[in-house]
Amino acid sequence: MTLTSLFAREEMTATEHEVEDALREGVSIHNGVMPIEVIVDDDGYAKALKMARCEMVDGRPNAVEGTEYEIECDLIVSAIGQGGDLSQGLESLDNGRGLIDSDAFYQVPDRKGHFVAGDIIRPHLLTTAIGQASIASESIDHYLKQEAQQKRPKVDVHHFELLQKLRESNLSPKEFDAEDLGDMRGTSEGDWAVHNYEDRASAEIISSDRLFLGHFPYTPRNLRTSSGPTADEVLGHFEERGIGLSAEQAVNEAERCMSCGMCFECDNCVIYCPQDAIFRVKKDQATTGRYVDTDYNKCIGCHICSDVCPTGYIDMAMGDH
Ligand SMILES: Cc1cc2nc3c(=O)[nH]c(=O)nc-3n(C[C@H](O)[C@H](O)[C@H](O)COP(=O)(O)OP(=O)(O)OC[C@H]3O[C@@H](n4cnc5c(N)ncnc54)[C@H](O)[C@@H]3O)c2cc1C
Ligand code: SF4
Ligand code: SF4
């Protein structure tokens, strides 16, 4: 099998391991060449592909005269990029390259109410398509509720939300009734308020200067390995190429610090608070991100808890959350 590419080996639009796999499996790769003619036999079937060396001029290949040669073949597969078939009524969405443009909300620009996600924007990965569709579904929700689209965070991923976690754990705050409550100075005792609430939408990833790195020694990634057949073994070879992590490796990988900035229940804040203002939440009231609470009648705002928190979970603020 012969694979031809317009580009030099190091510029091929393939990952290094895909190229190595192909070579190990006996594929010969011709780099920096372009097809110029399909040569057919008397019955009109392809019998060879005429190639020539090519030079890129303004991103387009140009054949170099005098370098033509033929590759004998009985099957030619054209695999030169992906695009959508928008010919059945979707022509007006075509951006001229067989794809559809989107804005940051995955809405088609200037086409209100038209949303798009996945390879049709730009061929990429399955996870990209799923992530984009997740954002698009939120955009559709805003659109249907006739709300303005909300600015997306820089790192646009699902983030931990304490209120949601409390709901999942059946620890939702109680109903809030202003009339019933009367004087509302001080919320420390109110079970209708969420104390130490931090919306992590602003910080899905904590920057390294907010982590106390002494607690996070460098831990190398647990990388998957792969195996593949040689040219002699490739026919009929159906074994998995990617060798997944063992259960132990998967656990180790999940335990590596991902700079998520979540409380990992180290008790530092409880221990170091000079006022004994921080206390562990009772077990039946605790859930992820709700391990400690603060008695604001005792807190003097000294910042020590925030300084000793290794993960950056404690954010000192003036009630802007
Ligand atoms: C060879 C190859 C290997 C890949 N390997 C990986 C990989 O290892 N990991 C990875 O993450 N990604 C990989 N990808 C990319 C991944 O497959 C795509 O990013 C992903 O499938 C995109 O999902 P999508 O829903 O946007 O599009 P698609 O999965 O293409 O789904 C689009 C669907 O719309 C249908 N459709 C098209 N036109 C119309 C129409 N007019 N009306 C109704 N339906 C229509 C199609 O039939 C199709 O079912 C690979 C892709 C290829 C081609
Ligand atoms: S700011 Fe100081 S007093 Fe208040 S909870 Fe933190 S460590 Fe305790
Ligand atoms: S908030 Fe920070 S210091 Fe307190 S227990 Fe959690 S991780 Fe430790």
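Thresholds applied
- Residues numbered from 1 in each chain as written.
- Chains lettered and ligands numbered in written order.
- Predicted model: local features only at pLDDT ≥ 70, side-chain atom pairs only at ≥ 80, totals over all residues.
- Heavy atoms only, no water.
- Helix = DSSP H or I, 4+ residues; strand = E, 2+ residues; numbered from the N terminus.
- Buried < 20%, exposed > 50% of the residue type's maximum accessible area, 1.4 Å probe, protein only.
- Contact = heavy atoms within 4.5 Å.
- Polar contact = N/O pair within 3.5 Å; in protein donor to acceptor, adjacent residues only side chain to side chain.
- Arc of directions from axis to C-beta.
- Patch = residues over 30% accessible without salt bridge, like charges linked within 9 Å, V, L, I, M, F, W, Y side chains within 5 Å.
- Areas by Shrake-Rupley, 256 points an atom, 1.4 Å probe, with all protein chains shown as cover.
- Salt bridge = Lys/Arg side-chain N within 4 Å of Asp/Glu carboxyl O.
- Lys, Arg positive; Asp, Glu negative; His and termini not counted.
- Charge placed at Lys NZ, Arg CZ, Asp CG, Glu CD.
- Pairing = 2+ DSSP bridges.
- Near = heavy atom within 4 Å.
- Nonpolar A, V, L, I, M, F, W, Y, C, P; charged D, E, K, R; others polar.
- Domains from an automatic or database assignment.
- Buried area = accessible area lost by both parts, 1.4 Å probe.

(A) Expanded view of the environment of Arg9. As for its placement among the helices and strands, Arg9 is situated in the loop between strand E1 (2–5) and helix H1 (16–24). Residue class for Arg9 comes out partly exposed when judged on its relative accessible area of 33%. Along the sequence, Arg9 and Val19 sit 10 residues apart, while their C-alpha atoms lie 8.5 Å from each other. The contact partners of Arg9, leaving out residues within four places of it in the chain, are Glu16, Val19, Glu20, Leu23 and Asn31. Here Glu16 takes part through its side chain, which lies 2.8 Å from a polar atom of the side chain of Arg9.

(B) A look at H1. Buried within H1 are the following residues: Val19, Asp21 and Ala22. Taken around the axis of H1, the buried residues stretch over an arc of 160°, which confines them to a single face. Check the buried side of H1 and you find it contacts strand E2 (28–31).

(C) Summary view of a negative patch on the surface. Together, Glu175, Asp177, Glu179 and Asp180 make up a negatively charged patch on the protein surface. Inspection of the secondary structure puts Glu175 in the loop between helix H3 (162–168) and helix H4 (178–181).

(D) Expanded view of the pairing of strand E4 (residues 46–57). Direction of pairing for strand E3 (residues 33–40) relative to E4: antiparallel, over a ladder of 7 bridges. Bridge pairing in E4 links Val40 to Ala46. Between the antiparallel neighbours E3 and E4 lie 5 residues, among them Gly44 with a positive phi of about 85°. Summarising the sheet, E4 and strand E5 (residues 60–63) pair through 4 bridges and their orientation is antiparallel.

(E) Structural detail: the site of ligand 2. Around ligand 2 there are 14 residues in total, and Cys273, Cys299, Cys302, His303 and Cys305 lie nearest to it. The class makeup of the residues in the shell around ligand 2 is 10 nonpolar, 4 polar and no charged.

(F) Geometry of the domain arrangement of the protein chain. Looking at the assigned domains, one finds that the protein chain contains domain 1 (2–72), domain 2 (91–144), domain 3 (162–216 + 259–308) and domain 4 (225–255). Each of domain 1 and domain 4 has a C-alpha centre, and these two points are 30 Å apart. The interface is formed by 4 residues belonging to domain 1 together with 7 residues belonging to domain 4. Contact between domain 1 and domain 4 buries roughly 400 Å² in total, counting both sides, with carbon and sulfur atoms accounting for 43%. Broken down residue by residue, the surface that domain 1 buries against domain 4 is led by Asp21, Arg24 and Glu25, which jointly contribute 93%. Taken together, the links from domain 1 to domain 4 amount to 1 salt bridge. For Arg241, the salt bridge identified is with Glu25, shortest N-O distance 2.5 Å. In this structure, the connection of domain 1 to domain 4 is made through 4 residue pairs in polar contact (both at pLDDT 80 or more). Of the residues belonging to the side of domain 1 that touches domain 4, the class tally is no nonpolar, 1 polar and 3 charged.

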